[in-house]
Amino acid sequence: MRTEGLQQPRDVSDTTLTRELSFEEIQELPPDGGYGWVCVACCFTINAFTWGVLSSYGVYLAYYLQNNIFPDGTSFDFALIGGLNFSMAMIVSPLATALTRRYGVYLPMALGILCQTSGFISASFARLIWQLYLSQGVLVGFGIGLTWIPSIAVLPQWFQKRRSMANGICSAGSGIGGLMFSFAVRAILSNASLAWALRICGLVSAFMNILATCAIRSRNHIVQPRLHPFDVRLFQRYEVLLALAWGFVSMFGYVILLFSLSDFARSIGLGSGQAAAITALLNLGTAIGRPVVGVMSDKFGRIETAGSVTFLCFVSVFAIWVPATSYGATICFAIINGGILGVFWMTIAPVSAEVVGLKELPSMLSLAWMMVVLPCTFSEVIALKLRRVNASREFLYAQIFCGLAYLVASFFAFELWRVHRKKTHARLLDRRGD
(Lines give C-alpha, C1' and ligand atoms only; values in the text may rest on other atoms or scores of the structure.)
Protein backbone atom coordinates (compact mmCIF):
# COMPACT_ATOMS: atom_id res chain seq x y z
CA MET A 1 0.00 0.00 0.00
CA ARG A 2 1.43 3.42 -1.05
CA THR A 3 0.93 6.50 1.04
CA GLU A 4 -0.61 9.71 -0.22
CA GLY A 5 2.00 12.38 0.61
CA LEU A 6 4.80 10.47 -1.02
CA GLN A 7 4.02 10.81 -4.69
CA GLN A 8 7.17 12.75 -5.52
CA PRO A 9 10.09 10.42 -6.29
CA ARG A 10 12.95 10.45 -3.89
CA ASP A 11 16.60 9.65 -4.49
CA VAL A 12 17.54 6.83 -2.15
CA SER A 13 21.22 6.59 -3.19
CA ASP A 14 23.47 7.36 -6.12
CA THR A 15 22.96 3.90 -7.57
CA THR A 16 19.46 3.05 -6.37
CA LEU A 17 16.66 3.65 -8.83
CA THR A 18 14.22 6.46 -8.13
CA ARG A 19 10.86 5.15 -7.03
CA GLU A 20 7.97 5.69 -4.64
CA LEU A 21 8.52 4.53 -1.08
CA SER A 22 6.28 2.66 1.33
CA PHE A 23 6.20 3.31 5.06
CA GLU A 24 8.24 0.14 5.65
CA GLU A 25 10.90 1.23 3.16
CA ILE A 26 11.10 4.70 4.69
CA GLN A 27 11.63 3.13 8.11
CA GLU A 28 14.50 1.04 6.74
CA LEU A 29 16.24 4.05 5.15
CA PRO A 30 19.39 5.06 7.07
CA PRO A 31 18.87 8.36 8.93
CA ASP A 32 22.23 9.76 7.70
CA GLY A 33 23.17 11.14 11.10
CA GLY A 34 21.66 11.37 14.57
CA TYR A 35 22.92 8.61 16.84
CA GLY A 36 24.84 7.35 13.83
CA TRP A 37 27.59 9.83 14.65
CA VAL A 38 27.96 8.26 18.08
CA CYS A 39 28.34 4.93 16.30
CA VAL A 40 31.01 6.51 14.09
CA ALA A 41 32.93 7.47 17.25
CA CYS A 42 32.48 3.94 18.63
CA CYS A 43 33.70 2.31 15.41
CA PHE A 44 36.61 4.77 15.27
CA THR A 45 37.60 3.71 18.79
CA ILE A 46 37.23 0.02 17.99
CA ASN A 47 39.42 0.40 14.90
CA ALA A 48 42.03 2.29 16.93
CA PHE A 49 42.25 -0.33 19.66
CA THR A 50 42.01 -3.45 17.49
CA TRP A 51 43.65 -2.85 14.10
CA GLY A 52 45.58 0.14 15.46
CA VAL A 53 47.16 -2.04 18.12
CA LEU A 54 47.84 -4.68 15.51
CA SER A 55 49.54 -2.12 13.24
CA SER A 56 52.28 -1.80 15.84
CA TYR A 57 53.26 -5.44 15.22
CA GLY A 58 55.84 -4.12 12.76
CA VAL A 59 57.72 -2.73 15.79
CA TYR A 60 57.40 -6.07 17.59
CA LEU A 61 58.56 -7.89 14.46
CA ALA A 62 61.70 -5.77 14.13
CA TYR A 63 62.38 -6.33 17.86
CA TYR A 64 61.96 -10.09 17.57
CA LEU A 65 64.25 -10.24 14.52
CA GLN A 66 66.98 -8.17 16.17
CA ASN A 67 66.92 -9.80 19.61
CA ASN A 68 67.17 -13.45 20.57
CA ILE A 69 64.05 -13.39 22.76
CA PHE A 70 62.80 -16.79 21.59
CA PRO A 71 65.80 -19.00 20.73
CA ASP A 72 63.57 -21.61 19.09
CA GLY A 73 61.91 -19.00 16.83
CA THR A 74 62.89 -18.05 13.27
CA SER A 75 62.01 -15.12 11.03
CA PHE A 76 59.39 -17.37 9.44
CA ASP A 77 57.75 -17.89 12.85
CA PHE A 78 57.59 -14.19 13.68
CA ALA A 79 56.22 -13.29 10.25
CA LEU A 80 53.58 -16.01 10.51
CA ILE A 81 52.50 -14.80 13.96
CA GLY A 82 51.80 -11.37 12.48
CA GLY A 83 49.87 -12.99 9.66
CA LEU A 84 47.84 -15.02 12.15
CA ASN A 85 46.62 -11.79 13.76
CA PHE A 86 44.86 -10.96 10.51
CA SER A 87 43.85 -14.42 9.38
CA MET A 88 42.40 -15.51 12.74
CA ALA A 89 40.41 -12.29 12.87
CA MET A 90 38.95 -13.16 9.49
CA ILE A 91 38.46 -16.89 10.00
CA VAL A 92 36.34 -16.26 13.09
CA SER A 93 33.88 -14.22 10.99
CA PRO A 94 31.29 -17.04 10.57
CA LEU A 95 31.20 -17.47 14.35
CA ALA A 96 30.93 -13.71 14.88
CA THR A 97 28.09 -13.49 12.34
CA ALA A 98 26.25 -16.46 13.88
CA LEU A 99 26.55 -15.01 17.39
CA THR A 100 25.35 -11.63 16.15
CA ARG A 101 22.37 -13.27 14.48
CA ARG A 102 21.36 -15.05 17.68
CA TYR A 103 22.41 -12.67 20.46
CA GLY A 104 23.05 -9.27 18.87
CA VAL A 105 26.34 -7.39 18.62
CA TYR A 106 27.20 -7.15 22.31
CA LEU A 107 28.00 -10.78 23.19
CA PRO A 108 30.51 -11.43 20.39
CA MET A 109 32.16 -8.06 21.00
CA ALA A 110 32.50 -8.82 24.72
CA LEU A 111 34.04 -12.20 23.93
CA GLY A 112 36.41 -10.47 21.53
CA ILE A 113 37.60 -8.02 24.16
CA LEU A 114 38.22 -10.92 26.53
CA CYS A 115 40.22 -12.86 23.92
CA GLN A 116 42.31 -9.89 22.81
CA THR A 117 43.19 -8.89 26.37
CA SER A 118 43.99 -12.48 27.36
CA GLY A 119 46.15 -12.88 24.28
CA PHE A 120 48.37 -9.88 24.99
CA ILE A 121 48.72 -10.62 28.69
CA SER A 122 49.47 -14.32 28.17
CA ALA A 123 52.01 -13.38 25.45
CA SER A 124 53.89 -11.35 28.07
CA PHE A 125 54.59 -14.61 29.93
CA ALA A 126 55.52 -16.63 26.82
CA ARG A 127 58.94 -18.28 26.82
CA LEU A 128 58.64 -20.64 23.86
CA ILE A 129 57.66 -19.83 20.29
CA TRP A 130 54.55 -22.06 20.32
CA GLN A 131 53.27 -20.08 23.29
CA LEU A 132 53.67 -16.86 21.29
CA TYR A 133 51.82 -18.47 18.38
CA LEU A 134 48.82 -19.25 20.57
CA SER A 135 48.77 -15.97 22.51
CA GLN A 136 49.93 -13.04 20.35
CA GLY A 137 48.98 -14.89 17.17
CA VAL A 138 45.79 -16.93 17.53
CA LEU A 139 44.13 -15.49 20.65
CA VAL A 140 44.72 -11.83 19.77
CA GLY A 141 43.49 -12.52 16.24
CA PHE A 142 40.30 -14.15 17.50
CA GLY A 143 39.74 -11.19 19.82
CA ILE A 144 40.13 -8.60 17.07
CA GLY A 145 37.75 -10.50 14.79
CA LEU A 146 35.02 -10.98 17.38
CA THR A 147 35.20 -7.33 18.44
CA TRP A 148 35.48 -5.68 15.03
CA ILE A 149 33.35 -7.83 12.69
CA PRO A 150 29.99 -7.17 14.44
CA SER A 151 30.73 -3.44 14.39
CA ILE A 152 31.62 -3.12 10.69
CA ALA A 153 28.04 -3.79 9.53
CA VAL A 154 26.57 -1.18 11.90
CA LEU A 155 27.63 2.02 10.08
CA PRO A 156 25.97 1.25 6.71
CA GLN A 157 22.68 0.93 8.63
CA TRP A 158 22.98 4.53 9.84
CA PHE A 159 24.23 6.29 6.70
CA GLN A 160 23.28 6.42 3.02
CA LYS A 161 24.62 9.51 1.26
CA ARG A 162 27.46 9.88 3.77
CA ARG A 163 28.14 6.16 4.09
CA SER A 164 31.67 6.13 2.69
CA MET A 165 32.64 9.29 4.56
CA ALA A 166 31.47 7.75 7.85
CA ASN A 167 33.31 4.53 7.03
CA GLY A 168 36.46 6.50 6.15
CA ILE A 169 36.36 8.36 9.45
CA CYS A 170 36.04 5.20 11.50
CA SER A 171 38.72 3.48 9.39
CA ALA A 172 41.06 6.34 10.25
CA GLY A 173 40.92 5.05 13.81
CA SER A 174 43.33 2.28 12.89
CA GLY A 175 45.80 4.95 11.77
CA ILE A 176 45.47 6.95 14.97
CA GLY A 177 45.77 3.79 17.05
CA GLY A 178 48.75 2.60 15.03
CA LEU A 179 50.42 6.00 15.42
CA MET A 180 49.97 5.97 19.20
CA PHE A 181 50.97 2.37 19.73
CA SER A 182 53.97 2.45 17.37
CA PHE A 183 55.61 5.17 19.47
CA ALA A 184 54.35 3.75 22.76
CA VAL A 185 55.51 0.19 22.09
CA ARG A 186 58.93 1.39 20.94
CA ALA A 187 59.31 3.55 24.08
CA ILE A 188 58.20 0.76 26.41
CA LEU A 189 60.54 -1.74 24.72
CA SER A 190 63.45 0.68 25.19
CA ASN A 191 62.67 1.77 28.74
CA ALA A 192 60.90 -1.21 30.29
CA SER A 193 60.52 -4.63 28.68
CA LEU A 194 58.73 -6.67 26.05
CA ALA A 195 56.45 -8.13 28.71
CA TRP A 196 55.20 -4.73 29.85
CA ALA A 197 54.72 -3.54 26.28
CA LEU A 198 52.37 -6.48 25.68
CA ARG A 199 50.52 -6.03 28.97
CA ILE A 200 49.94 -2.31 28.48
CA CYS A 201 48.65 -2.91 24.94
CA GLY A 202 46.20 -5.49 26.28
CA LEU A 203 44.90 -3.46 29.21
CA VAL A 204 44.56 -0.11 27.43
CA SER A 205 42.81 -1.64 24.42
CA ALA A 206 40.43 -3.56 26.72
CA PHE A 207 39.35 -0.39 28.54
CA MET A 208 38.69 1.61 25.37
CA ASN A 209 36.93 -1.25 23.55
CA ILE A 210 34.60 -1.77 26.52
CA LEU A 211 33.55 1.88 26.36
CA ALA A 212 32.89 1.67 22.61
CA THR A 213 30.95 -1.59 22.92
CA CYS A 214 28.67 -0.12 25.57
CA ALA A 215 27.78 2.88 23.38
CA ILE A 216 27.36 1.30 19.93
CA ARG A 217 23.82 0.61 18.61
CA SER A 218 22.81 -1.49 15.61
CA ARG A 219 19.58 -1.18 13.59
CA ASN A 220 19.25 -4.91 12.95
CA HIS A 221 15.74 -4.88 14.42
CA ILE A 222 14.71 -2.43 11.66
CA VAL A 223 16.81 -3.53 8.69
CA GLN A 224 16.48 -7.24 9.58
CA PRO A 225 19.57 -8.32 7.60
CA ARG A 226 20.09 -11.91 6.49
CA LEU A 227 22.84 -12.91 8.89
CA HIS A 228 24.02 -16.10 7.20
CA PRO A 229 27.56 -16.96 8.35
CA PHE A 230 28.48 -18.46 4.98
CA ASP A 231 25.89 -17.86 2.27
CA VAL A 232 27.33 -19.74 -0.73
CA ARG A 233 24.47 -18.56 -2.94
CA LEU A 234 26.26 -15.23 -3.25
CA PHE A 235 29.04 -16.98 -5.18
CA GLN A 236 26.62 -17.31 -8.08
CA ARG A 237 26.83 -13.56 -8.72
CA TYR A 238 29.62 -12.33 -10.99
CA GLU A 239 29.81 -9.00 -9.14
CA VAL A 240 30.35 -10.78 -5.83
CA LEU A 241 33.19 -12.86 -7.29
CA LEU A 242 34.88 -9.74 -8.64
CA ALA A 243 34.60 -7.93 -5.29
CA LEU A 244 36.03 -10.94 -3.45
CA ALA A 245 38.87 -11.33 -5.96
CA TRP A 246 39.74 -7.64 -5.55
CA GLY A 247 39.97 -8.04 -1.78
CA PHE A 248 41.92 -11.32 -1.97
CA VAL A 249 44.67 -10.01 -4.24
CA SER A 250 44.98 -6.52 -2.75
CA MET A 251 45.53 -8.01 0.71
CA PHE A 252 48.92 -9.42 -0.38
CA GLY A 253 50.14 -5.89 -1.01
CA TYR A 254 48.58 -4.47 2.14
CA VAL A 255 50.06 -6.91 4.66
CA ILE A 256 53.52 -6.81 3.07
CA LEU A 257 53.57 -3.03 3.22
CA LEU A 258 52.22 -2.82 6.76
CA PHE A 259 54.64 -5.29 8.32
CA SER A 260 57.75 -4.89 6.13
CA LEU A 261 58.23 -1.14 6.10
CA SER A 262 59.91 -1.02 9.53
CA ASP A 263 62.33 -3.82 8.64
CA PHE A 264 62.89 -2.24 5.20
CA ALA A 265 64.02 0.93 6.97
CA ARG A 266 66.59 -1.10 8.89
CA SER A 267 67.80 -2.73 5.66
CA ILE A 268 68.73 0.67 4.15
CA GLY A 269 70.78 1.60 7.21
CA LEU A 270 68.27 3.49 9.37
CA GLY A 271 68.22 3.15 13.15
CA SER A 272 65.54 1.48 15.23
CA GLY A 273 64.11 4.84 16.29
CA GLN A 274 63.83 5.97 12.68
CA ALA A 275 62.23 2.66 11.73
CA ALA A 276 59.62 3.08 14.45
CA ALA A 277 59.00 6.67 13.30
CA ILE A 278 58.35 5.44 9.75
CA THR A 279 55.78 2.93 11.03
CA ALA A 280 54.15 5.71 13.03
CA LEU A 281 54.07 8.05 10.02
CA LEU A 282 52.52 5.30 7.93
CA ASN A 283 49.70 5.24 10.46
CA LEU A 284 49.52 9.04 10.43
CA GLY A 285 48.98 8.85 6.68
CA THR A 286 46.22 6.33 7.34
CA ALA A 287 44.50 8.67 9.78
CA ILE A 288 44.61 11.59 7.35
CA GLY A 289 43.96 9.75 4.10
CA ARG A 290 41.09 7.43 4.91
CA PRO A 291 38.47 10.09 5.61
CA VAL A 292 39.54 11.81 2.37
CA VAL A 293 39.06 8.58 0.44
CA GLY A 294 35.65 8.20 2.10
CA VAL A 295 34.54 11.65 0.92
CA MET A 296 35.83 10.91 -2.59
CA SER A 297 33.96 7.62 -2.56
CA ASP A 298 30.66 9.31 -1.75
CA LYS A 299 31.22 11.96 -4.42
CA PHE A 300 32.65 9.93 -7.32
CA GLY A 301 31.26 6.45 -6.59
CA ARG A 302 32.22 3.68 -4.18
CA ILE A 303 33.42 1.07 -6.68
CA GLU A 304 35.15 3.61 -8.94
CA THR A 305 37.09 5.05 -6.00
CA ALA A 306 38.08 1.60 -4.75
CA GLY A 307 39.56 0.72 -8.14
CA SER A 308 41.32 4.06 -8.60
CA VAL A 309 42.88 4.05 -5.13
CA THR A 310 44.02 0.45 -5.57
CA PHE A 311 45.73 1.42 -8.84
CA LEU A 312 47.30 4.43 -7.08
CA CYS A 313 48.82 2.02 -4.54
CA PHE A 314 50.52 0.20 -7.41
CA VAL A 315 51.90 3.47 -8.79
CA SER A 316 53.21 4.63 -5.40
CA VAL A 317 55.04 1.35 -4.77
CA PHE A 318 56.99 1.50 -8.03
CA ALA A 319 57.37 5.28 -8.18
CA ILE A 320 58.42 5.93 -4.56
CA TRP A 321 59.09 2.78 -2.50
CA VAL A 322 61.20 0.78 -4.96
CA PRO A 323 63.68 3.63 -5.59
CA ALA A 324 63.73 4.75 -1.92
CA THR A 325 67.17 4.55 -0.30
CA SER A 326 67.01 7.40 2.24
CA TYR A 327 65.10 8.34 5.36
CA GLY A 328 63.34 11.25 3.64
CA ALA A 329 62.12 9.18 0.69
CA THR A 330 60.85 6.44 2.99
CA ILE A 331 59.00 8.99 5.14
CA CYS A 332 57.42 10.45 2.01
CA PHE A 333 56.24 7.02 0.91
CA ALA A 334 54.95 6.14 4.39
CA ILE A 335 52.79 9.27 4.65
CA ILE A 336 51.44 9.13 1.10
CA ASN A 337 50.82 5.39 1.00
CA GLY A 338 49.48 5.27 4.54
CA GLY A 339 46.28 6.94 3.41
CA ILE A 340 45.62 4.50 0.57
CA LEU A 341 47.25 1.12 1.26
CA GLY A 342 44.29 -0.16 3.29
CA VAL A 343 41.77 0.61 0.55
CA PHE A 344 40.10 -2.76 1.14
CA TRP A 345 39.28 -1.99 4.77
CA MET A 346 37.90 1.50 4.14
CA THR A 347 35.75 0.60 1.13
CA ILE A 348 34.70 -3.05 1.47
CA ALA A 349 31.52 -2.28 3.45
CA PRO A 350 30.25 0.50 1.12
CA VAL A 351 31.25 -1.50 -1.98
CA SER A 352 29.50 -4.61 -0.64
CA ALA A 353 26.38 -2.58 0.12
CA GLU A 354 26.40 -1.41 -3.50
CA VAL A 355 26.79 -4.95 -4.81
CA VAL A 356 24.33 -6.92 -2.63
CA GLY A 357 22.30 -4.36 -0.64
CA LEU A 358 21.89 -3.84 3.11
CA LYS A 359 19.91 -7.02 3.82
CA GLU A 360 22.68 -9.30 2.51
CA LEU A 361 25.56 -7.08 3.62
CA PRO A 362 26.56 -9.12 6.74
CA SER A 363 26.63 -12.34 4.68
CA MET A 364 28.69 -10.67 1.97
CA LEU A 365 31.14 -9.29 4.52
CA SER A 366 31.46 -12.71 6.12
CA LEU A 367 32.49 -14.13 2.75
CA ALA A 368 34.93 -11.25 2.25
CA TRP A 369 36.62 -11.91 5.59
CA MET A 370 36.99 -15.61 4.77
CA MET A 371 38.46 -14.83 1.35
CA VAL A 372 41.33 -12.80 2.79
CA VAL A 373 42.40 -15.43 5.34
CA LEU A 374 45.11 -16.93 3.11
CA PRO A 375 46.76 -13.67 2.01
CA CYS A 376 46.59 -12.32 5.56
CA THR A 377 48.34 -15.44 6.87
CA PHE A 378 51.11 -15.85 4.31
CA SER A 379 51.80 -12.41 2.80
CA GLU A 380 54.56 -11.47 5.21
CA VAL A 381 55.97 -15.00 5.05
CA ILE A 382 56.20 -14.59 1.26
CA ALA A 383 57.87 -11.20 1.72
CA LEU A 384 60.53 -12.64 4.02
CA LYS A 385 61.14 -15.54 1.64
CA LEU A 386 61.60 -13.06 -1.22
CA ARG A 387 64.01 -10.99 0.86
CA ARG A 388 67.66 -11.25 -0.24
CA VAL A 389 69.57 -10.89 3.01
CA ASN A 390 73.03 -10.09 1.64
CA ALA A 391 71.94 -8.12 -1.42
CA SER A 392 72.28 -4.35 -1.77
CA ARG A 393 68.50 -4.06 -2.23
CA GLU A 394 67.24 -6.59 0.24
CA PHE A 395 63.49 -6.04 -0.25
CA LEU A 396 63.40 -5.48 -4.03
CA TYR A 397 61.57 -8.71 -4.93
CA ALA A 398 59.09 -8.22 -2.09
CA GLN A 399 58.44 -4.65 -3.28
CA ILE A 400 57.79 -5.85 -6.84
CA PHE A 401 55.42 -8.56 -5.60
CA CYS A 402 53.58 -5.99 -3.47
CA GLY A 403 53.14 -3.56 -6.35
CA LEU A 404 51.97 -6.22 -8.79
CA ALA A 405 49.37 -7.43 -6.25
CA TYR A 406 47.82 -3.96 -6.22
CA LEU A 407 47.93 -3.78 -10.02
CA VAL A 408 46.08 -7.08 -10.50
CA ALA A 409 43.57 -6.13 -7.77
CA SER A 410 42.80 -2.86 -9.55
CA PHE A 411 41.87 -4.80 -12.70
CA PHE A 412 39.26 -6.74 -10.73
CA ALA A 413 37.90 -3.51 -9.21
CA PHE A 414 37.59 -1.78 -12.60
CA GLU A 415 35.84 -4.81 -14.06
CA LEU A 416 33.42 -4.75 -11.12
CA TRP A 417 32.74 -1.08 -11.84
CA ARG A 418 32.04 -1.82 -15.52
CA VAL A 419 29.66 -4.70 -14.75
CA HIS A 420 27.84 -2.85 -11.97
CA ARG A 421 27.38 0.28 -14.10
CA LYS A 422 26.04 -1.79 -17.01
CA LYS A 423 23.64 -3.63 -14.71
CA THR A 424 22.39 -0.42 -13.10
CA HIS A 425 21.90 1.21 -16.50
CA ALA A 426 19.90 -1.81 -17.71
CA ARG A 427 17.60 -1.63 -14.66
CA LEU A 428 17.04 2.07 -15.29
CA LEU A 429 16.05 1.42 -18.92
CA ASP A 430 13.66 -1.34 -17.80
CA ARG A 431 11.99 1.01 -15.32
CA ARG A 432 11.59 3.71 -17.95
CA GLY A 433 10.12 1.14 -20.34
CA ASP A 434 7.52 0.20 -17.71
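Just so we're clear, the structure is a prediction, and the values are computed from it rather than from any experiment.

> Help me understand the overall build of the protein, please; the structure alone is not making it clear to me.
Within the protein, the secondary structure is distributed over 20 helices and zero strands. When burial is assessed residue by residue, the protein has 59% of its 434 residues classed as buried. Across the protein, the fraction of contacts at a sequence separation of at least 24, relative to all contacts at a separation of at least 6, is 85%.

> What's the story with empty space enclosed by the protein in this structure? I'm lost.
Using a probe with the size of a water molecule, rolled over the atoms, empty space left in the structure can be pinpointed. Under the counting rule described, the total for this entry stands at four cavities of 30 Å³ or more. Taken together, Asn47, Trp51, Phe86, Trp148, Ile152, Cys170, Ser171, Ser174, Tyr254, Arg290 and Trp345 make up the full set of residues lining the second largest cavity. Only helix H8 (129-152) and helix H10 (163-191) provide two or more residues apiece to the lining of the second largest cavity. A per-element tally of the lining of the second largest cavity places H10 first, with three residues. Its residues assigned to classes, the lining of the second largest cavity shows seven nonpolar, three polar and one charged.

> Can you walk me through the nonpolar core in this structure?
The tendency in soluble globular proteins is for nonpolar side chains to be buried as a group. With 132 residues, the main nonpolar core has Met90, Trp345 and Trp369 as its most contacted residues. The element contributing the most residues to this core is helix H13 (residues 238-267), with 17 residues.

> Would you explain helix H18 (residues 361-371) in this entry?
Every α-helical turn comprises 3.6 residues, leaving residues that sit three or four positions apart pointing alike. Counting buried positions along H18 gives nine out of 11 residues, so the element sits mostly inside the fold. Burial in H18 covers these residues: Leu361, Pro362, Ser363, Met364, Leu365, Ser366, Leu367, Ala368 and Trp369.

> What am I meant to see in the packing of aromatic side chains here?
Ring pairs (aromatic) are described by centroid distance and by the angle formed between their planes. By the definition in use, this model includes 28 aromatic pairs. On the basis of an interplanar angle of 55° and a centroid distance of 4.8 Å, the ring pair of Trp148 and Trp369 is categorised as tilted. With Trp148 in helix H8 and Trp369 in helix H18, the pair connects residues that are 221 residues apart, well separated along the chain. Over the aromatic face of Trp196 sits the side chain of Arg199, whose NZ or CZ is 4.9 Å from the ring centroid. Across from the ring centre of Tyr397, 4.4 Å away, lies the NZ or CZ of Arg388, which sits over that ring.

> I keep staring at helix H14 (residues 272-300) and nothing clicks. Help me out?
Taking 1.5 Å of rise per residue, the 29 residues of H14 would be expected to cover 42 Å, and the 41 Å separating its terminal C-alpha atoms lies within 8% of that figure. Considering bend angle alone, the principal kink of H14 is centred on Gly289 and spans about 30°; proline Pro291 follows within four residues of it.

> What should I look at first to understand the packing of H13 against H18 in this one?
For any two helices packed against each other, one specifies the crossing angle of their axes together with the interaxial distance. Where H13 contacts H18, the axes come no closer than 9 Å and their chain directions differ by 40°. Taken together, the axes of H13 and H18 are oblique relative to one another. Helix-helix and strand crossings are classified by hand; for H13 and H18 the assignment is right-handed. Residues Val240, Ala243, Leu244 and Phe248 of H13 form the contact with H18, whose participating residues are Met364, Leu367, Ala368 and Met371. Residue classes in the contact of H13 with H18 are distributed as eight nonpolar, no polar and no charged.

Parameters and conventions
- Residues numbered from 1 in each chain as written.
- Predicted model: local features only at pLDDT ≥ 70, side-chain atom pairs only at ≥ 80, totals over all residues.
- Heavy atoms only, no water.
- Helix = DSSP H or I, 4+ residues; strand = E, 2+ residues; numbered from the N terminus.
- Buried < 20%, exposed > 50% of the residue type's maximum accessible area, 1.4 Å probe, protein only.
- Contact = heavy atoms within 4.5 Å.
- 1 Å grid on protein atoms, 1.4 Å probe; cavity = no way out; pocket = protein on both sides within 12 Å on 5 of 7 lines; lining within 4 Å.
- Points joined across faces, edges and corners; volume = space filled by probe spheres on them.
- Nonpolar A, V, L, I, M, F, W, Y, C, P; charged D, E, K, R; others polar.
- Core = buried A, V, L, I, M, F, W, Y, C linked by side-chain atoms within 4.5 Å.
- Phe/Tyr/Trp six-rings, centres within 6.5 Å; stacked < 30°, edge-to-face > 60°.
- Lys NZ or Arg CZ within 6 Å of the ring centre and 35° of its normal.
- Expected span 1.5 Å × (residues − 1).
- Bend = angle between axes of the 7 residues up to and from the residue.
- Axes fitted to C-alpha atoms, helices over the stretch in contact; angles between N-to-C directions.
- Parallel < 35°, antiparallel > 145°, perpendicular 65-115°, else oblique.
- Left-handed = near helix turned anticlockwise from the far one by under 90°.

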